[in-house]
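Geometric and topological summary
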Amino acid sequence: MIIGVPKEIKNNENRVALTPAGVAEFKKHGHVIYIQASAGENSGFSDSAYANAGAVILPTIEAVYEIAEMIIKVKEPIASEYALIRKNQLVFTYFHFASSEALTKAMIERDAICLAYETVEKIDRSLPLLVPMSEVAGRMSIQEGAKYLEKPMQGKGILLGGVPGVNPAKVVVLGGGIVGTQAAKMAAGFGAKVTIMDVSLARLRYLSDIMPANVTTLMSNHYNICEAIADADLVIGAVLIPGAKAPHLITKEMLQLMSPGTVVVDVAVDQGGCIETCTPTTHENPTFIIDGIVHYCVANMPGAVPYTSTLALTNATLPYALQLANKGWKKACNENEELKKGLNIANGKIVYKGVAEAWGLPFEEVASIL
Ligand SMILES: NC(=O)c1ccc[n+]([C@@H]2O[C@H](COP(=O)([O-])OP(=O)(O)OC[C@H]3O[C@@H](n4cnc5c(N)ncnc54)[C@H](O)[C@@H]3O)[C@@H](O)[C@H]2O)c1
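Residues numbered from 1 in each chain as written. Predicted model: local features only at pLDDT ≥ 70, side-chain atom pairs only at ≥ 80, totals over all residues.

Here is the rule: UniProt positions are given in the numbering used here, feature names are shortened, and annotations may be inferred rather than shown by experiment.
The name given to the protein chain in an unreviewed UniProt entry is Alanine dehydrogenase, and the organism recorded there is Flavobacterium keumense. According to UniProt, the comment filed for the protein chain under the heading Sequence similarities (unreviewed entry) is "Belongs to the AlaDH/PNT family." Quoted straight from UniProt, the Catalytic activity (unreviewed entry) entry for the protein chain says "L-alanine + NAD(+) + H2O = pyruvate + NH4(+) + NADH + H(+)".

Given below as structure tokens:
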């Protein structure tokens with residue numbers, strides 16, 4: 001198959017959908033790979049690294065879309081890319097159709113085959129192409145939190161791990177899923193005193209078994225949250241209710257319970273945030289202060305560490321991309337239920353219910369196009 005990898009052009013997106021190692025893997029299976037010049041630059045991969053692995057470098061994004069049967073990307077196509085997408089071209093990327101009617105309609109009109117990373121789903125209902133970014137954001141939340149606890153960053157001036165003879169910082173993690181678990185592990189590694197809270201007793205049992213001794217598990221309810229945040233130095237928001245807005249576990253009034261200079265990192269800000277006062281910020285301007293509390297609410301945290309994020313993402317996407325290239329999208333989706341769940345739009349039809357419902361557009365069962 002002829003595969004094309006364009007350079008990401010969405011604002012502040014530094015990741016790339018394929019590494020030189022991925023190129024070599026595709027080559028091994030007899031595929032031809034075209035990469036847009038400088039596509040991997042911001043992730044630390046030079047054009048010559050791709051060329052050495054066997055890719056052909058093309059100068060423009062137009063040339064990549066023109067030649068490829070399958071486009072592999074990271075972010076959803078932006079408006080200037082819509083017209084480049086051709087009939088029956090397979091596009092494998094994050095789409096998040098339910099948040100853009102324009103994109104949904106454009107892909108129907110272009111008659112593209114849209115396989116969305118975010119809806120590829122395993123039998124246990126986990127989302128294997130979202131997990132790596134949650135892992136990055138979870139780990140990064142502690143790194144950022146530690147930085148903003150420093151006095152020049154307007155934090156309390158506390159070192160996460162303390163030093164011999166001085167208490168470590170107290171970290172409260174709301175939500176014990178992928179983000180929360182990675183955050184708790186990192187904070188514990190720094191030597192902080194960590195409390196991780198969740199509503200799932202089964203999850204708390206698991207966390208209690210695997211976490212080091214400086215991590216305590218606690219049932220998430222209003223009473224316990226009020227007590228926990230009262231002497232916290234760093235609070236991580238990592239709650240998710242699938243398909244819904246995050247619940248506001250910390251309201252504006254509850255900020256009064258915390259001491260000035262406390263840092264809140266609301267990783268769940270992309271779902272509305274679990275701290276009421278959080279609104280999305282950017283890497284250029286990541287924090288703001290309300291009632292003395294430092295709020296860090298960057299909605300695309302992995303974007304700041306494109307090298308790690310690209311490798312983490314491509315480790316997860318490559319096996320699926322290879323199946324699509326080796327078998328063609330129909331056979332690959334027929335033989336792999338996980339990939340089939342990724343199909344959102346094909347043959348001009350919406351075949352993913354959530355997307356059709358989001359825009360009140362007709363829905364067709366995926367079987368009708370396979
Ligand atoms: N800002 C970013 O750059 C970024 C990057 C990746 C992920 N995220 C977001 O981080 C959030 C968490 O993602 P995840 O992959 O860890 O999800 P997850 O599904 O793995 O974990 C969510 C956890 O929240 C728990 N939960 C639900 N209600 C709760 C409550 N009231 N109190 C405490 N816990 C509760 C669930 O039981 C679950 O364990 C999501 O909103 C995701 O979109 C943001």
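So, next bit.
A closer look at the overall build of the protein chain
The test is simple: Secondary structure elements are defined from DSSP: runs of H or I of at least 4 residues count as helices, runs of E of at least 2 residues count as strands, and each element is numbered from the N terminus. The reference for a compact globule is 2.2 Å times residues^0.38; the radius of gyration itself is calculated from the C-alpha atoms. Placing a C-beta atom from the backbone of each residue, one calls two residues in contact when those atoms lie within 7 Å.
Tallying secondary structure elements over the protein chain gives 13 helices and 15 strands in all. Relative to the 2.2 N^0.38 estimate, which gives 21 Å for 370 residues, the radius of gyration of the protein chain is 22 Å and therefore close to what a compact globule would have. By its C-alpha atoms, the protein chain is 65 × 45 × 35 Å across when sized along the principal axes. Summarising the internal contacts of the protein chain: among those between residues at least 6 apart in sequence, 63% fall at separations of at least 24.

Details of the site of the ligand
Counted only if it meets this: Note on definitions: a residue is near a molecule or strand provided its C-beta atom, placed from the backbone, lies within 6 Å of it. By the convention adopted, Pro, Cys, Tyr, Trp, Phe, Met, Ile, Leu, Val and Ala count as nonpolar, Lys, Arg, Asp and Glu as charged, and the other residues, Gly among them, as polar.
Taken together, 32 residues are adjacent to the ligand, and Ser 134, Ala 137, Gly 177, Val 179 and Ser 220 come closest. Contributing elements (two or more residues each) for the shell around the ligand: helix 6 (131-148), helix 7 (178-190) and strand 8 (193-198). Considering only residue class, the shell around the ligand consists of 20 nonpolar, nine polar and three charged.

Regarding the domain arrangement of the protein chain
Let me state the cut-off plainly: The start and end points of each domain follow an automatic or database-based domain assignment.
Domain boundaries assigned for the protein chain yield domain 1 (2-120 + 306-369) and domain 2 (134-304). Contacts between domain 1 and domain 2 engage seven residues on the former and five residues on the latter. Classifying every residue of the side of domain 1 that touches domain 2 by side-chain character gives two nonpolar, four polar and one charged.

Looking at unusual backbone geometry
Here is the rule we go by: Exposure in this text rests on C-beta crowding, where 20 or more other C-beta atoms within 10 Å of a residue's own make it buried, 12 or fewer make it exposed, and counts in between make it partly exposed. The C-beta atoms are placed from the backbone.
The residue Asp 291 is not glycine, and still its phi comes out positive at about 50°. Tracing the backbone through its elements, the reader meets Asp 291 in the loop between strand 12 (287-290) and strand 13 (293-296). The phi torsion at Asn 347 lies on the positive side, around 50°, for a residue other than glycine. Its location among the elements puts Asn 347 in the loop between strand 14 (343-346) and strand 15 (349-350). Taking the C-beta count within 10 Å as the criterion, Asn 347 has 14 such neighbours and is therefore assigned partly exposed.

Regarding helix 1 (residues 20-28)
Structurally, the α-helix is built with 3.6 residues per turn, so residues lying three or four positions apart point the same way. Under the convention used in this document: The arc under discussion is defined with respect to the helix axis, by the directions toward the C-beta atoms.
Among the residues of helix 1, Gly 22, Val 23, Glu 25 and Phe 26 are the ones counted as buried. Around the axis of helix 1, the buried residues are gathered within 160° of arc, so they sit on the same side. Its buried side turned inward, helix 1 meets strand 1 (2-5), strand 2 (32-36), helix 2 (47-53) and helix 10 (306-327). Directly beyond the C-terminal end of helix 1, a positive phi value near 85° is found at Gly 30.

So, the sheet that holds strand 14
We apply this condition: For two strands to pair, DSSP has to find at least two bridges joining them.
Here we have eight strands laid out as an open sheet, ordered 3-2-1-4-5-6-14-15, and mixed in their pairing. Of all strands in the sheet, those bounded by a partner on one side alone are strand 3 (56-58) and strand 15. Taken together, the three bridges between strand 2 and strand 3 define a ladder with parallel strand orientation. Note on strand 3: the bridge partner recorded for Tyr 34 is Val 56.

Focus: the packing of helix 1 against helix 10
The criterion, for reference: Note on geometry: axes are C-alpha line fits, over the in-contact stretch for helices, and angles between N-to-C directions span 0 to 180 degrees. If an angle is under 35 degrees, it is roughly parallel; if it is over 145, roughly antiparallel; if it lies from 65 to 115, roughly perpendicular; otherwise it is oblique. Note: crossing handedness is left-handed where the near helix turns anticlockwise from the far helix by less than a right angle, and right-handed where it turns clockwise.
Where helix 1 contacts helix 10, the two axes come as close as 11 Å, and the packing angle between them is 20°. With respect to helix 10, the axis of helix 1 lies roughly parallel. Between helix 1 and helix 10 the crossing geometry is right-handed. Residue-level contacts link Gly 22, Glu 25 and Phe 26 of helix 1 to Thr 314, Leu 318, Leu 322 and Ala 325 of helix 10. When the residues that make up the contact of helix 1 with helix 10 are grouped by side-chain class, the tally is four nonpolar, two polar and one charged.

Details of helix 10
Note the following rule: Expected span of a helix, by definition, is 1.5 Å for each gap between consecutive residues, and there is one gap fewer than residues. Consider a residue and the seven residues that end there alongside the seven that start there; fitting an axis to each set, the bend is the angle between those axes.
Compared with the 32 Å implied by 1.5 Å per residue over 22 residues, the 30 Å span of helix 10 between its first and last C-alpha is a close match. Thr 317 marks where helix 10 bends most, by close to 40°; the proline Pro 319 follows one to four residues later. Along helix 10, the residues classified as buried are Pro 306, Ser 309, Thr 310, Leu 313, Thr 314, Thr 317, Tyr 320, Ala 321, Leu 324 and Ala 325. Gly 328 lies just past helix 10 and shows a positive phi near 85°.

Describing the sheet that holds strand 10 (residues 234-237)
If you walk across this open sheet you meet the seven strands as 9-8-7-10-11-13-12, and the pairing is mixed. The open sheet is flanked by strand 9 (215-219) and strand 12, the only strands paired with a single partner. Adjacent strand axes in the sheet meet at a mean angle of 20°, parallel and antiparallel pairs treated alike. The pairing of strand 10 with strand 11 (residues 263-266) spans four bridges and is classified as parallel. Looking across to strand 11, one finds that Val 235 is bridged to Val 264. In the packing of helix 6 onto the sheet, the strands contacted are strand 10, strand 11, strand 12 and strand 13, and the crossing angle to strand 11 comes to about 155°.

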